[in-house]
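This is what each chain is made of:
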Amino acid sequence: METKTNRRKWLPAAAAMVAGLVVFTGAAVAATPTATTGPATAVGSTTATVTGSVSPGGQATTWSVEYGTSTSYGSTTTAKSAGSGSSTVSVSAALAGLRAGTTYHYRVVASNGAGTSHGTDAVFTTTVPPDVTTGVASSITASTATLNGTVDPNSRDTTFYFEYGTSTSYGTKTVTKNAGSATTAQSESIGISGLHTGTTYHFRIVATSDAGTSVGKDSSFTSSAAPTVVTGDASAVTPTTATLRGAVTPNGLSTTRWFEYGTSTNYGSKTPAVSAGSGTTASAVSASVKSLKAATTYHFRLVAQNSSGRSFGADRSFSTVGPPFVQTQPAQSVGPDFGVVAGALDTRGRSTTWWFDYGTSSAYGKSTSSRSAGSKTGAQTVSATLTGLAPATTYHYRLVAKSDAGTTHGADATFTTAGVTLTVVARQVVFGGRITLSGVVPTRRAGEQVIVFAQPYGGGSFQARSTVLTGADGTWAYIAKPRVTTAYMASWRGGMSAQVSIGVHPSIALHQTAARRFVVKVAGGRSFAGRLIQVQRRTNGRWATIRRVRLGIRSGAEFRLSLPKGRSTVRIAFSVNQAGAGFLGGTSRAISVRR
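Quantities reported herein were computed from a predicted structural model and do not represent experimental measurements. (Residues numbered from 1 in each chain as written. Predicted model: local features only at pLDDT ≥ 70, side-chain atom pairs only at ≥ 80, totals over all residues. Heavy atoms only, no water.)

## Overview of the overall build of the protein chain
Note the following rule: Numbering of helices and strands runs from the N terminus, with a helix taken as a DSSP run of H or I at least four residues long and a strand as a DSSP run of E at least two residues long. It is over C-alpha atoms that the radius of gyration is taken, and the globule rule equals 2.2 Å times the number of residues to the power 0.38. Exposure is judged per residue with a 1.4 Å probe applied to protein chains only, and the accessible area is read against the type maximum: over 50% gives exposed, under 20% gives buried, and values in between give partly exposed. Whether two residues are in contact is decided by their heavy atoms: any pair within 4.5 Å suffices. The positive count covers Lys and Arg only, the negative count covers Asp and Glu only, and His and the chain ends enter neither. The location of each charge is read from NZ of Lys, CZ of Arg, CG of Asp or CD of Glu.
Along the backbone of the protein chain there are two helices and 53 strands. Computed over C-alpha atoms, the radius of gyration of the protein chain comes to 59 Å, more than 25% over the 25 Å expected from 2.2 N^0.38 for 595 residues, which places it beyond the range of a compact globule. Reported as C-alpha extents along the three principal axes, the dimensions of the protein chain are approximately 170 × 115 × 35 Å. A burial count over the protein chain gives 41% of its 595 residues as buried. Contacts spanning at least 24 positions in sequence make up 63% of the contacts within the protein chain whose residues lie at least 6 apart. Charged side chains in the protein chain number 54 positive and 21 negative. The centres of these two groups are separated by 33 Å.

Now the structure itself:
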């Protein structure tokens, strides 16, 4: 058993042992730092960022990166503090001034009071900017050229453009284009425009990738001095000829010029090529063209050529003079044997004659005498009187005008000469009834003969029914008694009036006998035996069919009706289908009966 005395002896000794352990443990923490080399990031053609980690080992520790083109390194970054902790810390260093396309070795180095630690060796290779070569300009004209060169992207995504100008200061650059990411040289070109004629231009190619920018050597070319041409306007335009105008600057070289022309921008025809000289200033030129079509639009342009190239002027157009403009207008006045016709025309500046074609159809057949309209431009009204016409007749006419540009026909128009009129008060009559036909002759004189013609339904052609004389004011009248639907016309001096038709209803009689039976009789100059009639009663303001009865041999029938008590109104209806050809349908008078 442990005694208090022994315990007192043991406690100091134990305390001394613990103190000794604490001292020992502190000495074990203060160790040499650990350095770990990490990967390289953001590698460019002359720069790179390398990474790693350092564990200080509990003492104040510094770190740096050794790097170079071999494991001998040779370069070291500025030492930096990694602290004095016991945990691992990440470190990175930016390397600059490197050579493009070069492999570099590197490692992380850490040092403290306990010693120095070296990370493992690692490598990276710097990238290579594009390789470029300025080529030779091609397709050179007075104002355009194509700039050429080669680009080797060296496996990096690369863009390029050309710088150009009238000196090695350049001053202008093309659009930027993609050169891809190939590993071999690629031919590239960009067209430029807006150049000055006969001017020397410098240019070079420039390419850029994430590895850097490369600039090609200077090259130059001189824009050619092809002729300068300006298409002018057309003058002295007639229906078949015109004079084409323009200007040519030969730019110091012997030059020929001509005009291209045609009905579209494909042209198709050209004037003979003639010399435009070899001067350096613009000269006016012209050429006449003929055998053109009247009222046609032509395109044309001036073309010139010398040893430096061919130049085309802008497209221009003109229209040859067309034939006269004409417009047939309504007739001004019309009588029984004459008509005054009118129209309007424009000569369009050419000597013009005009006349009217006329006749009883659109084939015409007759013409008025030709008259001059002069050559003054602008609309003018013309008219002519047509005589010897038949009354009550429709005539066709049109205005016609002619010049050296051609002949123009106006639209067809018509008028009808005055003739006898025919009117009726009503267009329907009940069989056995009469109707008055009347009218007037245009002379308004008494004693004029009017012939009345009739054409009963199914009767074939019109037949003369009666000749009547006009009264003091030229009026006439005739009482007709049609048996079936009949068409009528009146004739005066060979002209016919408009046609009118009179429809005929069958006559239907209805009455009630003393024996309260109903008797119906249908009359129309023919037998309606076997046809059905409808017996109708008026109910709530409408006629309703309450019975159908078949007519007997004498077109009549007798029958009884079962009607409600009180007063009823009844009638007979005979439909047009039952009445048959030549008749309208009909109804009897309504009668009131009481039951």
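## Quick look at the sheet that holds strand β28 (residues 325-334)
The condition that has to hold: Two strands qualify as a pair provided DSSP detects at least 2 bridges between them. Between N-to-C directions, angles span 0 to 180 degrees; the directions come from axes that are lines fitted to C-alpha atoms, helices contributing only their stretch in contact.
Strand order in the open sheet made by the three strands is β28-β29-β33, with antiparallel pairing throughout. Edge strands, defined here as strands with exactly one partner in the open sheet, are β28 and β33 (379-387). The average angle at which neighbouring strand axes cross in this sheet is 25°, direction not considered. With nine bridges joining them, strand β29 (residues 338-346) and β33 adopt antiparallel strand pairing.

## A closer look at the environment of Thr-587
By secondary structure assignment, the location of Thr-587 is in strand β52 (residues 586-587). Owing to a relative accessible area of 44%, Thr-587 belongs among the partly exposed residues under this scheme. Residues contacting Thr-587, with those up to four places away along its chain left out, are Ile-508, Arg-571, Ile-572 and Ala-573.

## Concerning the environment of Ala-294
Residue placement: Ala-294 occurs in the loop between β24 (283-289) and β25 (297-306). We classify Ala-294 as partly exposed; its relative accessible area is 28%. For the pair Ala-294 and Thr-320, spaced 26 residues apart in sequence, the C-alpha separation works out to 5.3 Å. Contact partners of Ala-294, with chain neighbours within four places excluded, come to Pro-239, Thr-320, Val-321 and Ala-405.

## Quick notes on the sheet that holds strand β15 (residues 186-192)
Strand order in the open sheet formed by three strands is β10-β11-β15, with antiparallel pairing between adjacent strands. This sheet does not close on itself; its edge strands, each paired only once, are β10 (131-134) and β15. Shown here is a sheet whose adjacent strand axes are inclined to one another by a mean of 25°, direction ignored. The pairing of β10 with strand β11 (residues 145-152) spans four bridges and is antiparallel. Looking across to β11, one finds that Thr-133 is bridged to Thr-150.

## Quick notes on the pairing of strand β48 (residues 532-539)
Relative to strand β49 (residues 542-550), β48 is paired through eight bridges, and the arrangement is antiparallel. Across the sheet, Arg-538 pairs through a bridge with Trp-543, a residue of β49. Counting the residues between successive antiparallel strands, the hairpin from β48 to β49 contains two residues, one of them, Asn-540, with a positive phi of roughly 50°. Relative to strand β51 (residues 567-574), β48 runs antiparallel, the two being bridged by four bridges. Across the sheet, Arg-537 pairs through a bridge with Val-570, a residue of β51.

## Concerning the pattern of salt bridges
Applicable threshold: Criterion for a salt bridge: a side-chain nitrogen of Lys or Arg within 4 Å of a carboxyl oxygen of Asp or Glu.
Across all of its chains, the model carries nine salt bridges by this definition. Among the salt bridges present, the one from Glu-163 reaches Arg-204, with a minimum N-O distance of 2.6 Å. One end of the pair, Glu-163, is in strand β12 (residues 158-165); the other, Arg-204, is in strand β16 (residues 200-209), with 41 residues separating them in the sequence. The class of Glu-163 is buried, set by a relative accessible area of 18%. One network of salt bridges, with partners in common, ties together Arg-445, Glu-448 and Arg-493.

## What about the confidence of the model for the protein chain?
How we decide: pLDDT is a residue-level measure of predictor confidence that goes from 0 to 100.
Within the protein chain, residue pLDDT values average 91, and 95% of them lie at 70 or more. Across the protein chain, the secondary-structure element scoring lowest on mean pLDDT is helix α1 (residues 4-29), at 38, and the one scoring highest is strand β30 (residues 352-359), at 98. Low pLDDT, under 50, characterises residues 1-28; the predicted model gives this stretch one contact beyond four residues in sequence or across chains.

## A few points about the side chain of Ser-311
Rules: Any pair of nitrogen or oxygen atoms within 3.5 Å is treated as a polar contact; in protein, a donor-acceptor pairing is required on top of that, and neighbouring residues in sequence qualify only through side-chain atoms on both sides.
Mapping Ser-311 onto the fold places it in strand β26 (residues 309-312). A distance of 2.4 Å separates the side chain of Ser-311 from the backbone oxygen of Pro-227, its partner in a polar contact. Those residues in contact with Ser-311 that lie beyond four places of it in its chain are Ala-226, Pro-227, Val-229, Leu-302, Val-303 and Ala-304.

## Observations regarding unusual backbone geometry
Positive phi, close to 70°, is recorded for Ser-155, a residue that is not glycine. On the secondary structure map, Ser-155 appears in the loop between β11 and β12. Its identity is not glycine, yet Ser-291 carries a phi of approximately 60°, on the positive side. Of note, Ser-291 is situated in the loop between β24 and β25.

## Topic: the pairing of strand β17 (residues 212-215)
By the bridge criterion, four bridges tie β16 to β17 in an arrangement that is antiparallel. Within β17, the residue paired with Ser-209 across the bridge is Gly-212. Linking β16 back to β17 in an antiparallel pair, the connection comprises two residues.

## Quick notes on the environment of Val-303
Here Val-303 lies in strand β25. Separated by 76 residues in sequence, Val-303 and Pro-227 have C-alpha atoms that sit 9.0 Å apart. In this structure, Val-303 is in contact with Thr-256, Arg-257, Trp-258, Glu-260, Arg-310, Ser-311 and Phe-312, ignoring residues within four places of it in sequence.

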